[in-house]
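What follows is the residue order along each chain.
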Amino acid sequence: MIQINNLHKSFGKLDVLRGLELTIDSGKTVAILGPNGSGKTTMIKSILGLVIPQKGEILVNGNSVKNNWTYREEISYLPQIARFPENLKVKELIKMVQDLRKTLSDPEPLISLFGLEKFLDKSLRTLSGGTRQKVNVVLAFMFDSPIIIMDEPTVGLDPIAMIKLKKLIKEEQAKGKTILITTHIMSVVEELVEEIIYILEGKIYFRKSLAELNGTVKKIGLEGVIAEILEEV
Amino acid sequence: MIKILKYSIYDLGRSHWTFIYFGFYLLIAGTLLFLGGDVLKAIISLMNIILILIPLISTIFGIMYFYNSRDFIELLVAQPVKRSSIFLGQYLGLSLALSVSFLLGMGIPFLFYGLKDSGQFMNFLSLILTGSFLTFIFTAVAFLIGLFNENKIKGFGLAILFWLFMAVIYDGLFLLSLLMLEAYPIEKLALGMTVFNPIDLSRIFIMLKLDISALMGYTGAIFQDFFGTATGLTITILALGLWVFIPVYGLKLKGNAKDF
Amino acid sequence: MHRLNKIKVLIIIWGMLISGSAFSQDIIVVCPDCKVSSIKQAIEKAKSGDEIVVKNGVYKETGIRIEKKLSIYGENFPEIDGQNLNQEIISVAHDSVTISGFVVKNVGVSYIDDLAAIKVYEHKGCVIENNKIQNAFFGIYLNHSNNCVIRNNEVIGEAVAEMSSGNAIHLWYARDILIEGNLAKNHRDGIYLEFVENSKVSDNVSEGNLRYGLHFMFSNHNTYSGNTFQNNGAGVAVMFSRFITMTKNKFYKNWGTSSYGLLLKEIFDGEITNNYFEENTVGIYAEGSNRMKIENNDFKSNGWAMKILGSCMDNTFTGNNFFFNTFDITTNARTFESNKISRNYWSEYTGYDLDKDGIGDQPYRPVKVFSFVITRVPASIILLRSLFIDMLNFAEKVMPVMTPSTLMDEQPLMKPADRSAF
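Conventions we followed
- Residues numbered from 1 in each chain as written.
- Chains lettered and ligands numbered in written order.
- Predicted model: local features only at pLDDT ≥ 70, side-chain atom pairs only at ≥ 80, totals over all residues.
- Heavy atoms only, no water.
- Helix = DSSP H or I, 4+ residues; strand = E, 2+ residues; numbered from the N terminus.
- Buried < 20%, exposed > 50% of the residue type's maximum accessible area, 1.4 Å probe, protein only.
- Contact = heavy atoms within 4.5 Å.
- Lys, Arg positive; Asp, Glu negative; His and termini not counted.
- Charge placed at Lys NZ, Arg CZ, Asp CG, Glu CD.
- Phe/Tyr/Trp six-rings, centres within 6.5 Å; stacked < 30°, edge-to-face > 60°.
- Lys NZ or Arg CZ within 6 Å of the ring centre and 35° of its normal.
- Patch = residues over 30% accessible without salt bridge, like charges linked within 9 Å, V, L, I, M, F, W, Y side chains within 5 Å.
- Areas by Shrake-Rupley, 256 points an atom, 1.4 Å probe, with all protein chains shown as cover.
- Salt bridge = Lys/Arg side-chain N within 4 Å of Asp/Glu carboxyl O.
- Core = buried A, V, L, I, M, F, W, Y, C linked by side-chain atoms within 4.5 Å.
- Domains from an automatic or database assignment.
- Buried area = accessible area lost by both parts, 1.4 Å probe.
- Polar contact = N/O pair within 3.5 Å; in protein donor to acceptor, adjacent residues only side chain to side chain.
- Nonpolar A, V, L, I, M, F, W, Y, C, P; charged D, E, K, R; others polar.
- Axes fitted to C-alpha atoms, helices over the stretch in contact; angles between N-to-C directions.
- Parallel < 35°, antiparallel > 145°, perpendicular 65-115°, else oblique.
- Left-handed = near helix turned anticlockwise from the far one by under 90°.
- Pairing = 2+ DSSP bridges.
- Disulfide = S-S within 2.5 Å.

Student: Requested: an account of the overall build of chain C, with residues and values cited.
Tutor: Secondary structure summary: chain C contains four helices and 39 strands in total. The principal-axis extent of the C-alpha atoms belonging to chain C is close to 85 × 65 × 30 Å. Among the 422 residues that make up chain C, the fraction classed as buried is 54%. Considering only residue pairs separated by 6 or more positions, chain C has 49% of its internal contacts joining residues 24 or more positions apart. Of the charged side chains in chain C, 42 are positive and 47 negative, and the gap between their average positions amounts to 3 Å.

The following block contains the structure:
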């Protein structure tokens, strides 16, 4: 369970999060949507402890994230842009991340799923953007963490890899994991997500389950639904 | 932290720059020794090179490495790892890699040339000691500047400016203040001013160890009285240590408060 | 006619010499087991003009006074041991005394008397040679004595502090003396000359002395040449003297906070030529020195090759080679006009020579701005070898502002002056 109370974050004069309140129950898959600069990534990064909020509280499975790092054992994170220490080989990178976490991991099936065997001995600097993102996926999914957070996970992936990723996510859902995704790709949302959280100007603007929207979505598509809701203001 | 340190050294161990840096010292020290044929003279020439180049290279490497490993750091901060360990591990990794390159690059030619029998071992040691301190100091400051500045160009500029200030401008101001206060007994002031610049402190520390101190007359004698004693040595090392500690502590503080 | 007269005179002199020696010279032999077993005894027995030969052995004697014309020779270096009894070991009070081939040692320190191993009082024609003087307060001391030779002696002291030590070779009011081939070591001054005229100091080695290797005071018309001065508190000090010729000496490693190779103070009309200065804190330090010729010297790896104070006038510096000194010349003078610097070689000179006449086309300014700053604010030496100072020196070299504009070598040599003849 992830619980966010009255979260404030500003970068200089720019207020990004303004008293955000959110609770995500365990076992749910949630999409965080919102326009560019609405604070999606900032919120995710706050949960991960990458961004230090000025005010408010975040609890992950009941533990406050402030001045704490051990709770991150329970989270797998797939960041937006995959860049790594350039001189390491893929194999070494995987080993290193395994080394840094105490929990068990199983990268082998993922490596073969994405066909990364032939890249294992290449150094990361030589890899293409897509391959790097695949490595990134392996790093995130090789641990059996109860919470998975993904920031634009499909960027740079080819369609086949994208299908494989979706399949992976579904498997994790089946295991009862809590999953957070930010994305601009509505097909991903429609296919995977139970609930939509829409953030605007640093606050939750609306939160609806996909089932709730289901009828409308079929008529005018998800983008249309969102546009409609936004117009109601 | 040890794990981060391990990987950052591993990473740097692959880098060509580390080897170029090592090769540079090997070449310079070797050339000066085998062509010059005098250990003391080689040490004096190396002192001039070291006092300028170590701070410069450490600053440049520090800021470049910091910016280059930002993604690595971002990868790590999302992992269950303590933040300060990440920065300290990376910092120690680079500083150690640079000082070990320096140590080996210098040590190998000196050992081959016969440092043991030259009677210059202590001088060589003070050269290595100050060189390593300078590496740690300027890398730390470069990291700190990098941490405070998202903008690479600005960070790079500030780092170079810091080096320029310590290597050149500070001494200009130093000289100016000595000239303005020439009517007063200024040896103590001069002594105090050296402590605030690690390059000056290192330079004087080495020079007083070497024979050059005879050139320094009365002032040299006063400095010798200070630096020559155990207290002076302790204060020198303490001051250099503080020069490492303060930016490293800043690194920890800023690192904990930084957004990624 | 002339020629015949000359031959006549020669024959007469020769005849006199032969008859004289055959007539009056005896040889007295001294050895520990002989009838004459002490040197004092032998001197007692001898008459003027006799020769005393002392065989190898140890003679615990002191206060030996020679008041006759005697030649005393040691065979295989007999030892005369003064046992530190604070007495003069050998005192000479007659003309034409020769002392040769002894080890003379252990005089003892006195703060009242200038005790010496061998001292000559107010007489002339002495010869002191091939002796080894050890642990003496003063070694060889000439007091108001003329026409003497001090040659090939080794005078090695055990001086620790200036206050409680004397000089190896000490001359006080003397003229026409030759001091040659001696080693003067570990005393206060190696060779000390006060009120000495027309004398020659040549081919000596003076090293490890606390104060000066060679020290002139109020002594005119002297020459010293071919000597080596090393590791002394200071190499040579020449003060209040005129017409001193200094040539072909070597000054090594006179290194320390107040050290120099050659100190000149209030001296006139001297010549300093063909000397070699290496690794001295200051090669030549000159104060109130006028009309000096400083030519064809080599200065290598000194802290300052020359410190020439503003009180120095009408000196000439030419044909000197300056190699790798930290500073070539320092002065506190604003103008340097009366002194002439030309045709020297400066290793730091970077100019070119388009007309290939061996002389650089731009003048060289040997005074660095930093050395100028140092003379004003000595504490600024602390910035020696810093990058800022290097840059300052470079800037001043390109655009002189602070250094005396007249102090320059307008005809710097492109290559070091040849010393193959030297």
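This is not the end of the story, as more comes after the structure.
Student: Can you lay out the packing of aromatic side chains for me, pointing to particular residues and giving the numbers?
Tutor: Under the criterion given, the structure shown has 41 aromatic pairs over all chains. Between the aromatic rings of Phe 323 of chain C and Phe 324 of chain C, the centroid separation amounts to 6.3 Å while the plane-to-plane angle is 35°, which identifies the pairing as tilted. Clustering of aromatic rings is evident, with ring pairs tying together Phe 216, Tyr 224, Phe 229, Phe 251, Phe 277, Phe 299, Phe 322, Trp 346, Tyr 349 and Tyr 364 of chain C. A cation over a ring is seen here: Lys 208 of chain A above Phe 206 of chain A, with NZ or CZ 5.5 Å from the ring centre. Taking the ring centre of Tyr 141 of chain C as reference, the NZ or CZ of Lys 119 of chain C above it sits at 4.1 Å.

Student: Outline a nonpolar patch on the surface, listing residues and values.
Tutor: Residue and element names in this part refer to chain B. Taken together, the side chains of Leu 158, Leu 161, Leu 164, Phe 165, Ile 169, Leu 173 and Leu 176 present a nonpolar region at the surface, about 560 Å² in accessible area. Locating Ile 169 in the fold gives a position in helix 7 (residues 152-180). Here Ile 169 falls in the partly exposed class, since its relative accessible area comes to 34%.

Student: Please set out the nonpolar core residue by residue, giving values where relevant.
Tutor: Residues Ile 47, Met 96 and Phe 141 of chain A together with Met 106 and Phe 110 of chain B are the most contacted members of the largest nonpolar core, which totals 185 residues. Two domains each put at least three residues into this core: domain 1 (24-232) and domain 2 (234-367 + 404-422) of chain C. Within the second largest apolar cluster, 87 residues are counted, among which are Ala 42, Ile 43, Ile 64 and Ile 133 of chain C.

Student: Now, about the interface of chain A and chain B: what can you tell me, with residues and values included?
Tutor: If you look at the interface, chain A gives 27 residues, while chain B gives 25 residues. Summing both partners gives a buried area of about 2400 Å² for chain A against chain B, and 57% of it is carried by carbon and sulfur. Linking chain A to chain B there are three salt bridges. In this structure, Lys 3 of chain B and Asp 99 of chain A form a salt bridge, with 3.9 Å as the shortest nitrogen-oxygen distance. Counting every contact that joins chain A to chain B gives ten residue pairs in polar contact (both at pLDDT 80 or more). It is helix 2 (residues 90-100) of chain A that contributes the most residues to the side of chain A that touches chain B, seven residues altogether. Among the residues making up the side of chain A that touches chain B, the classes are represented as 15 nonpolar, two polar and ten charged.

Student: I'd like a rundown of the packing of helix 2 (residues 16-36) of chain B against helix 3 (residues 39-68) of chain B, residues and numbers included.
Tutor: All names here are of chain B. Two numbers describe how helix 2 lies on helix 3: the axes approach to 9 Å, and their chain directions differ by 165°. Taken together, helix 2 and helix 3 sit at an angle that is classed as roughly antiparallel. The two elements helix 2 and helix 3 cross, and the hand of that crossing is right-handed. Across the interface between the two elements, Trp 17, Tyr 21, Phe 24, Tyr 25, Ile 28, Ala 29, Leu 32 and Leu 33 of helix 2 pack against Val 39, Ala 42, Ser 45, Leu 46, Ile 49, Ile 50, Leu 53, Ile 54, Ile 57 and Phe 61 of helix 3.

Student: Explain the packing of helix 6 (residues 121-148) of chain B against helix 7 of chain B to me, and be specific about the residues and the numbers.
Tutor: A pair of packed helices can be characterised by two numbers: the angle between their axes and the separation between those axes. All names here are of chain B. Between helix 6 and helix 7, the shortest axis-to-axis distance is 9 Å and the interhelical angle comes to 145°. Where helix 6 crosses over helix 7, the two elements pack in a sense that is right-handed. Contacts from Phe 138, Val 141 and Ile 145 in helix 6 reach Gly 155, Leu 158, Ala 159, Phe 162, Trp 163 and Met 166 in helix 7. Looking at the contact of helix 6 with helix 7, its residues break down into eight nonpolar, one polar and no charged.

Student: Kindly report on the domain arrangement of chain C, identifying the contributing residues and their values.
Tutor: By convention, interface size is frequently given as the accessible area that disappears when the constituent parts associate. Residue and element names in this part refer to chain C. For chain C, the domain assignment lists domain 1 (24-232) and domain 2 (234-367 + 404-422). Between domain 1 and domain 2, the C-alpha centre-to-centre distance is 36 Å. At the junction of the two partners, domain 1 supplies 22 residues and domain 2 supplies 26 residues. Among the residues domain 1 hides against domain 2, the three largest losses belong to Tyr 212, Tyr 224 and Phe 229. Together they make up 30% of the total. Scanning the region where domain 1 abuts domain 2 turns up zero salt bridges.

Student: Tell me about the sheet that holds strand 16 (residues 169-175) of chain C, and name the residues and values.
Tutor: Residue and element names in this part refer to chain C. Reading across the sheet, the twelve strands line up as 4-7-10-13-16-19-22-25-28-31-34-37 and stay open at both edges, with parallel pairing between neighbours. The outermost strands of the open sheet, each flanked by one partner alone, are strand 4 (64-66) and strand 37 (327-330). Ignoring which end each strand starts from, the neighbouring axes of this sheet average 10° apart. As judged from the six bridges shared by strand 13 (residues 138-146) and strand 16, these two strands associate in the parallel manner.

Student: Now, about the state of the cysteines: what can you tell me, with residues and values included?
Tutor: Residues and elements named next belong to chain C. Following the criterion strictly, the structure yields two disulfides over all chains and no others. Here Cys 31 connects covalently by a disulfide to Cys 34, the sulfurs 1.8 Å from one another. Its S-S torsion of approximately 100° makes the covalent link between Cys 31 and Cys 34 right-handed. For Cys 31, a relative accessible area of 14% puts it in the buried group. Each sulfur in the disulfide pair Cys 126 and Cys 148 lies 2.0 Å from the other. The sign of the S-S torsion, about 120°, decides the handedness of the disulfide formed by Cys 126 and Cys 148: right-handed.

Student: Report on the pairing of strand 3 (residues 29-33) of chain A, specifying residues and quantitative values.
Tutor: Residues and elements named next belong to chain A. Across the five residues that make up strand 3, a large majority, five, are buried. Across four bridges, the pairing between strand 3 and strand 8 (residues 178-182) is parallel. Looking across to strand 8, one finds that Val 30 is bridged to Leu 180. Bridge analysis of strand 3 against strand 9 (residues 195-200) gives four bridges, and the strand direction is parallel. The partner of Ala 31 across the bridge, within strand 9, is Ile 196.

Student: Please give an account of unusual backbone geometry that cites residues and values.
Tutor: Residues and elements named next belong to chain C. Positive phi outside glycine occurs at His 221, with the angle close to 55°. Summarising the element assignment, His 221 is placed in the loop between strand 22 (212-217) and strand 23 (222-225). Positive phi, normally seen in glycine, also occurs at Asn 296, with a value near 55°. By secondary structure assignment, the location of Asn 296 is in the loop between strand 32 (293-295) and strand 33 (298-300). Of the residues examined, Asn 296 reaches a relative accessible area of 30% and is grouped as partly exposed.

Student: Residue-level account of the interface of chain B and chain C, with values.
Tutor: Opposite the 29 residues of chain B that make contact, chain C presents 25 residues. Remark: the boundary between chain B and chain C carries one salt bridge. Arg 376 of chain C is the salt-bridge partner of Glu 182 of chain B, the closest N and O atoms lying 2.6 Å from each other. Those elements that provide at least two residues to the side of chain B that touches chain C are helix 3, helix 7, helix 9 (198-209) and helix 10 (217-227) of chain B. Among the elements that line the side of chain B that touches chain C, the one with the most residues is helix 7 of chain B, at eight residues. Residues of the side of chain B that touches chain C, tallied by class, amount to 17 nonpolar, five polar and seven charged.

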